[in-house]
Amino acid sequence: MEEMVAAGLNQRPLADIAASVAEMGFNCVRLTFSLKLVLGNETHIPDPQSIAANPALQGLSPLRVFDATVAALSSAGLLVVLNNHMSAPGWCCDGDDAEGLWYTAEYPEESWLQALGLMAARYRNDLRVVGFDLRNELRPAHSITPTWGSGDPQSDWSIAAQKGGERVLANNPPMLIIISGLNYGMYLCDVPRRPIHASIPALREHVIYTSHEYPWFNLNLVCHYALETCLIVLAVTCGIVWIIMASLYQFRKFCNRGPAPAWQWEDTSHRTLCKAYRCSLVAASLLTCLSLVFLVLGELLIQPCDVYRDYIIAFLLASAFLTGFGGMLVWLRVMLAFTAHYRMVRKSTSDGEHGSGLITQICPCYSRKSRAATVSPTPDAQCTQSRKGALSRFVAALGSTSCLTISMPILLIGVTTWIWFERGTYDTFASELDKRWGFVLDGSEGMAPAPVWLGEFGTNNNNLWWKHLMRYLQERDVDWAYWSLNGEMRLEENETYGIWSMDSKHVRHPWKLADLQKLMVETPS
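Just so you know, these numbers come straight off a predicted model, no measurement behind them. (Residues numbered from 1 in each chain as written. Predicted model: local features only at pLDDT ≥ 70, side-chain atom pairs only at ≥ 80, totals over all residues. Heavy atoms only, no water.)

Trainee: Any chance you could explain the overall build of the protein here in plain terms?
Mentor: The secondary structure content of the protein amounts to 15 helices and nine strands. Counting the 525 residues in the protein, one finds 48% classified as buried. Summing over all exposed atoms, the protein offers an accessible surface of approximately 25,000 Å²; the carbon and sulfur share of this is 60%. (Helix = DSSP H or I, 4+ residues; strand = E, 2+ residues; numbered from the N terminus. Buried < 20%, exposed > 50% of the residue type's maximum accessible area, 1.4 Å probe, protein only. Areas by Shrake-Rupley, 256 points an atom, 1.4 Å probe, with all protein chains shown as cover.)

Encoded structure:
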């Protein structure tokens, strides 16, 4: 990166790398460069270690090494898409790197346009250099948030992209112009405001929009994984606590050390215990409901194309986590109290001290009323009273603290589980992608359809996000470029998303390559 040469040249000869890319079935390489590579760096010599496996490249400038890289890829039968990744060389992207716009203090807009023109002209005679990705992952920088169609020359990326595309075509007329979405390339929602692929005559039949996709970009799956973690933690914690309680009880019983442990509410009256249950139950229910409300608000209030969505999501998820965790602690307290009291009542019943049953002992405020009858009823009245008594006892049982203690957690956990499931479905996943950038493929709001290239996506986990994305790309017939091929970010620094391992030879994740190769040959159903 900082040496401005492609990763892997320290491990293998350039021609071997290009041949291996073609052998794996890929037909195109998105080749990144910085403005510093192009503008005034003929005297800079890369670190010899960064190109150690390529003696012929030693002593060349980064731009000459870039020329050799393009030539090797082209000779291997691969297409090349040039990508202005950043202005200064380095690993993208950081919110504080001041590289979020197409210009910086060191490289103003005219320098960017100059570099685009120079690189387009440089490879004019290589027909396999087919496209120009004008700028990588537009995002806030210099206190300016990129816009589309606002008309502000400092922030309107559509104006700059038009200038960049026209500069490229002036120097290399057949080239495809690839234009990134906003907010780290996540969305193309504002393209209908100014569809330059159709409204600018010079760019017609040349423009391809590009978006990027990573696991943390998808709000619904982020919520899905967060809920999954909470449910697992709740289940494991409750299981461990119950096991510990049972073990302590058996240990106390074995040692015969007298009355119940300190954590049993042995001296608490039934009425006070019922009241304590109700307060805890209400608190736990409210906290859990609040947690669910924050998650639902994320679905109702957050627009997939909102530039501030990351901050809103962070707030809502933090709020959902804090209230959910608080609710989990209170639910735990309720279960502890319920279990301890249940065991005390069962022990008392077996000793003959109480005989009116579990519901009566847990919440006698519902059962004591039945003791008020002192007049012996007639047989008919006795039957009627028996039926009424059974009904009232059933209603009382439904309203008892024990019933609520059991049913409320089950209900809320059931609702949480449904939300967890719904957020993880493919239909929900596809709907979010359609709202952010997939709609451009079909056109909307009177806008003509346009091609979309998924210019970056990557992961090191064969998880739900990966499976959904593979299905989406296949069903929508979206062309793509995986990030990344190389197994190193920098010398001796691992790139865990890479197709190759750090030796630029062995495949890091065979499942990933197999899935990508399947996409290369499949057609939409």
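Trainee: What is the right way to look at helix α4 (residues 109-122) in this model?
Mentor: Since the α-helix turns once every 3.6 residues, residues separated by three or four places project in the same direction. Helix length check: α4 (14 residues) gives 20 Å between terminal C-alpha atoms against 20 Å at 1.5 Å per residue, within 8%. Looking at the buried side of α4, the elements it contacts are β1 (28-34), α2 (35-38), α3 (62-75), β2 (79-86), β3 (129-133) and α5 (157-171). (Expected span 1.5 Å × (residues − 1). Contact = heavy atoms within 4.5 Å.)

Trainee: Just to check I follow, could you spell out the pairing of strand β5 (residues 207-213) for this structure?
Mentor: A regular strand places its side chains on the two faces of the sheet in alternate fashion. Of all seven residues making up β5, seven are buried, and the element is well covered by its neighbours. Burial along β5 is two-sided: Val-207, Tyr-209, Ser-211 and Glu-213 and Ile-208, Thr-210 and His-212, pointing in opposite directions, are all buried. Relative to β5, strand β4 (residues 176-180) runs parallel, the two sharing four bridges. Among the inter-strand pairings, Ile-177 is bridged to a residue of β5, identified as Val-207. (Pairing = 2+ DSSP bridges.)

Trainee: In this structure, what is going on with the sheet that holds strand β6 (residues 452-457)? I would like to understand it.
Mentor: Backbone hydrogen bonds are what pair the strands of a sheet, in a parallel or an antiparallel way. If you walk across this open sheet you meet the seven strands as β1-β2-β3-β4-β5-β6-β7, and the pairing is parallel. At either end of the open sheet lies a strand with only one pairing partner, and these are β1 and β7 (479-480). Sheet topology note: the β3/β4 ladder contains three bridges and is parallel. Across the sheet, Asp-133 pairs through a bridge with Ile-178, a residue of β4. Along the sheet, α5 contacts β3 and β4; its crossing angle with β4, the most-contacted strand, is approximately 160°. (Axes fitted to C-alpha atoms, helices over the stretch in contact; angles between N-to-C directions.)

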